[in-house]
Amino acid sequence: MSFLQKFSKLSVRAKAWWVLGLLVVFSIIVLLISGGNYYNKYSWILAQKTNNIVVLPQVRELPFSLGLDLQGGAHLVYEANVSGIPEADRNDAMESARDVIERRVNAFGVSEPVVQVNKGASGEYKIIAELAGIKDVKEAIKMIGETPILEFKEQNDALSVNAADIQQGSGEITVDPASLWKNTELTGKYLKRAILQFNPNDGSPEVSLEFNADGAKLFEDITARNLGKQVAIFLDGYVISAPTVNDKISGGQAVISGQFNIEEAKLLVKRLNSGALPVPVSLVSQQTVEASLGSKSIDNSLKAGLIGLLLVSIFMIIFYRLPGVLSVLSLIIYGFTILAIFKALPIWLALVLVVIMISLVFYTFNEIKIFTSTLALLFTIIGILLFFYALKPVTLSLSGIAGFILSIGIAVDANILIFARTREEIRAGKSVSQAVSDGFKRAWPSIRDGNVSTLITCLILMFFGTSVVQGFGTTLFIGVSVSLFSAIVITRTLSILVLGSWLENKPWLLGARKPKN
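Worth saying up front: this structure is predicted, and the values here are computed from it rather than measured.

### A word on the pairing of strand 3 (residues 114–119)
Summarising the sheet, strand 3 and strand 4 (residues 125–132) pair through 6 bridges and their orientation is antiparallel. When the sheet's bridge partners are listed, V117 is paired in strand 4 with I127. Hairpin connection of strand 3 to strand 4: 5 residues between the antiparallel strands, including G123 at a positive phi of 95 degrees.

### Remarks on the nonpolar core
Ranked by size, the top nonpolar core spans 77 residues in total, and within it F365, F379, W444, I478 and F485 carry the most contacts. Among the secondary structure elements, those contributing two or more residues to this core are helix 2 (12–34), helix 9 (294–320), helix 10 (322–342), helix 11 (347–367), helix 12 (373–391), helix 13 (398–427), helix 14 (432–464) and helix 15 (467–498). Looking at this core, the element that brings in the most residues is helix 15, giving 12 residues. Setting aside residues up to four positions removed in sequence, F365 forms contacts with I370, F371, L375, F379, W444 and I488.

### Re helix 13
Here helix 13 contains 30 residues, and its C-alpha end-to-end distance of 44 Å stays within 8% of the 44 Å for a straight helix at 1.5 Å per residue. Looking one or two residues past helix 13, G429 carries a phi angle of roughly 100 degrees, positive in sign.

### A few points about the pattern of salt bridges
One pass over the full model with this rule turns up 13 salt bridges. Among the ionic pairs, R442 bridges to E425, the shortest N-O distance being 2.7 Å. One end of the pair, R442, is in helix 14; the other, E425, is in helix 13, and 17 residues separate them in sequence. Taking relative accessible area as the criterion, R442 reaches 38% and is therefore assigned partly exposed. Relative accessible area serves as the criterion here: at 7%, E425 is assigned to the buried category. Between K430 and D438 there is a salt bridge; the shortest N-O distance is 2.7 Å. Relative accessible area serves as the criterion here: at 14%, D438 is assigned to the buried category. One network of salt bridges, with partners in common, ties together R421, E424, E425, K430, D438 and R442.

### Focus on the confidence of the model for the protein chain
A residue-level look at the protein chain finds 87% of positions with pLDDT of 70 or above and a mean pLDDT of 82. Element-level pLDDT for the protein chain is lowest in strand 6 (residues 166–169), with a mean of 42, against a maximum mean of 93 in helix 11. The model gives residues 160–176 a pLDDT under 50, and that stretch makes 26 contacts with residues more than four places away or in other chains.

### Considering the environment of K153
Mapping K153 onto the fold places it in strand 5 (residues 150–155). Each C-alpha atom, one on K153 and one on Q230, is 9.0 Å from the other, the two residues being 77 residues apart in sequence. Beyond its immediate chain neighbours, meaning those up to four positions away, K153 contacts W181, K182, N183, T184, V231, A232 and F234. A polar contact is formed between the side chain of K153 and the side chain of N183, at a distance of 3.3 Å.

### As for helix 3 (residues 36–49)
Note on helix geometry: an α-helix contains 3.6 residues per turn, so any two residues three or four positions apart are oriented the same way. Helix length check: helix 3 (14 residues) gives 20 Å between terminal C-alpha atoms against 20 Å at 1.5 Å per residue, within 8%. Where helix 3 is concerned, the buried positions are G36, Y39, N40, S43 and A47. Taken end-on, helix 3 shows its buried residues confined to a sector of 95 degrees, consistent with a single buried face. The exposed set on the far side of helix 3, more than 90 degrees from its buried face, consists of Y38, K41 and K49. Remark: N51 follows helix 3 within two positions and exhibits a positive phi of approximately 55 degrees.

### Re the side chain of E206
Relative to the helices and strands, E206 resides in strand 10 (residues 205–211). Despite its burial, E206 pairs with no opposite charge, the nearest such side chain being R193 at 15 Å. Reaching out from E206, the side chain makes a polar contact with the side chain of N199 at a distance of 2.8 Å. In this structure, E206 is in contact with I195, L196, Q197, F198, N199, V255, I256 and S257, ignoring residues within four places of it in sequence.

### Overview of the sheet that holds strand 10
One open sheet holds the 3 strands; their spatial order is 9-10-13, and the pairing between them is antiparallel. The sheet terminates laterally at strand 9 (191–198) and strand 13 (253–257), the two strands that pair on one side only. On average, each strand axis in the sheet is tilted by 25 degrees relative to the strand beside it, whichever way the strands run. Sheet analysis places strand 9 next to strand 10, joined by 7 bridges and oriented antiparallel. Within strand 10, the position partnered with I195 by the bridge is S208. Along the sheet face, helix 7 (residues 213–224) touches strand 10 and strand 13 and points at about 110 degrees away from the line of strand 10.

### Focus: the packing of helix 2 against helix 10
Taken N-terminus to C-terminus, the directions of helix 2 and helix 10 make an angle of 50 degrees; their axes are 8 Å apart at the nearest point. Between helix 2 and helix 10, the angle is such that the two are oblique. As helix 2 packs across helix 10, the resulting crossing turns out to be left-handed. Taken together, the residues of helix 10 that come into contact with helix 2 (itself represented by F26, S27, V30, L31, I33 and S34) are I333, F336, T337, L339 and A340.

### Description of a nonpolar patch on the surface
Together, L31, I317, V325, L329, I332 and F336 give the surface a local cluster of nonpolar side chains, amounting to about 450 Å² of exposed area. When residues of the nonpolar patch are assigned to their parent elements, the largest contribution, 4 residues, is made by helix 10. By the secondary structure assignment, F336 is in helix 10.

### Topic: the packing of aromatic side chains
Across all of its chains, the model carries 14 aromatic pairs by this definition. Judged by centre distance (5.3 Å) and plane angle (55 degrees), the ring pair of F362 and F371 falls under tilted. Under the relative-accessibility criterion, F371 is labelled partly exposed at 35%. When the centroid spacing of 6.3 Å and the interplanar angle of 55 degrees are considered together, the rings of Y389 and F477 count as tilted. Residue Y389 is located in helix 12, and its partner F477 is located in helix 15; the two are separated by 88 residues in the primary sequence. Pairwise contacts between aromatic rings join F315, F319, Y320 and F419 into one cluster. Directly above the ring of F319 sits R423, whose terminal nitrogen or CZ lies 4.9 Å from the centroid.

The rules we used
In this numbering scheme, every chain counts its residues from 1 along its sequence in written order. Given that the model is predicted, a residue must reach a pLDDT of at least 70 before its local features are reported, and side-chain atom pairs must reach 80 or more before they are shown or counted; all residues, however, enter totals for whole chains, interfaces and linings. Based on all heavy atoms of the structure, the side-chain values leave hydrogens and waters out of the count. Two strands form a pair only when DSSP identifies at least two bridges running between them. Here a strand is any run of E in DSSP of at least two residues, a helix any run of H or I of at least four, and the numbering for each starts at the N terminus. In these notes, a set of buried Ala, Val, Leu, Ile, Met, Phe, Trp, Tyr and Cys residues joined through side-chain atoms within 4.5 Å is what counts as a nonpolar core. Using a 1.4 Å probe on the protein chains alone, a residue whose accessible area is under 20% of its type maximum counts as buried, one over 50% counts as exposed, and one in between counts as partly exposed. Any two residues having at least one pair of non-hydrogen atoms within 4.5 Å are treated as being in contact. In a helix, the anticipated span is given by 1.5 Å times the number of residues less one. A carboxyl oxygen of Asp or Glu within 4 Å of a side-chain nitrogen of Lys or Arg is what we treat as a salt bridge. pLDDT runs from 0 to 100 and stands for how confident the predictor is about each residue. Think of a polar contact as two N or O atoms within 3.5 Å of one another; within protein, one of them needs to be a possible hydrogen donor and the other a possible acceptor, and neighboring residues in sequence only count if both atoms come from side chains. Each direction from the helix axis to a C-beta atom contributes to the arc, which is the arc of those directions. Under this rule, positive means Lys or Arg and negative means Asp or Glu; His and the chain ends count for nothing. For helices, the fitted line uses only the C-alpha atoms of the stretch in contact; every axis is such a line through C-alpha atoms, and the angle between N-to-C directions lies from 0 to 180 degrees. By definition in this entry, angles of less than 35 degrees are roughly parallel, angles greater than 145 are roughly antiparallel, angles of 65 to 115 are roughly perpendicular, and the rest are oblique. Working rule for handedness: look at the near helix, and if it is turned counterclockwise from the far one by less than a right angle, call the crossing left-handed; if clockwise, right-handed. Like charges within 9 Å and nonpolar side chains (Val, Leu, Ile, Met, Phe, Trp, Tyr) within 5 Å are joined into patches, using only residues over 30% in relative accessible area that form no salt bridge. The Shrake-Rupley method, run with a 1.4 Å probe, gives the accessible areas here. Residue values count only the displayed protein chains as cover. To pair, rings of Phe, Tyr and Trp, with the six-membered ring standing in for Trp, must have centres within 6.5 Å; the planes then decide the type, stacked if under 30 degrees apart, edge-to-face if over 60, and tilted in the middle. The criterion is that NZ of a Lys, or CZ of an Arg, lies within 6 Å of the ring centre and within 35 degrees of the ring normal, and then a charge sits over that ring.

So this is what it looks like as structure tokens:
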């Protein structure tokens, strides 16, 4: 007989003990993730006091990611030159430029950058970038790059080109006058990808360019009509390379070679792959931004959250007695789980946590006989989203902390619904064990409808809101999703094990009285 077959024959209470064991392991994991620095500090103190007789293993400390308002950063303002773009296309071009800058900043690991387009009253366009955690403005400017525009130009037949027209200096070839070259339609927007490679003859770094289908056709046409002539590759207004075309080139491949080192070549590849800016931009303002809230405000926010949690716990214990104590234990595990997901977890650890959570939810639904394909789809989607959120750090701003604190109230609300329905069942004359089972079944429709509507609202905020609103929606979504797990699995498991027949003669511990016969 397999383990699953043996497990299915166990009593409800025996199954609950197995689930509790898994929850204990789960709780230890999230506790070490969220409070790894405190654990390591305690283990070090313990080793010192016992002369290294008792040495606990160290865990990897994963920091929280704080937003610009909590840790400060860099504030950059770029002005865009849209004179060469038709007025009807300017808004789309600026949005594309914003996306390119945001991708470029993300490639360097900046947490939740705020990049937005601002149109002035006189029609000028500016791009504002706020980069949390970047205190060196020069580093921030280097991240974004100075107008990385890739262009291919051909000789201007109206002028003669000779070697004297091309001056070389400081590792780059500059052209004087600029009218020696004329524009073609081939630009960086047709670039598919850039790859770092090395010249087989001298080992110098080169950047290989691969164009998309449209770019490949343009490049073929350019080389076909310029046989025996030079075609110049411009980057940021400078000639990087100006080779002579010997044959028509098909396949959309080109190579940029120049006097740059490996690091410069890597940076160029990264900038090109993040996308070429569709409009030229120039930096007009730069400053370092201090944390608008400061450490004192952070401490006050955390203190407010702890006080709120304490008051909610006192209310639950006074009003619901023993079930209230169980809800507090559930909330503690809930809180540590949220904090663990806020950090960037290794892929295997994120997968383990999410699989445990969703598997136990499915198991609980099956046990109380309300499991449906719709619920399976809903929690599968929630599990996938939680998995991806656990892989990268959730940037905590003041709005994000507010979303987390609000989710605590929602988590408590689910417990209140469960305990209220359980009380009603007890007052109807049912045994405590039966009342707990039926209370969960009766409370679930209200929990489902309230939480699903909140999750839908969170998704709207996450996908259509500004960055601050997105932070609020993200933390609230994670909080509500985990609250479903804590209410459905943790509270129910503790209730089955604690709220048993021994309470039949102690109704005051439940805050309910059975009707007199």
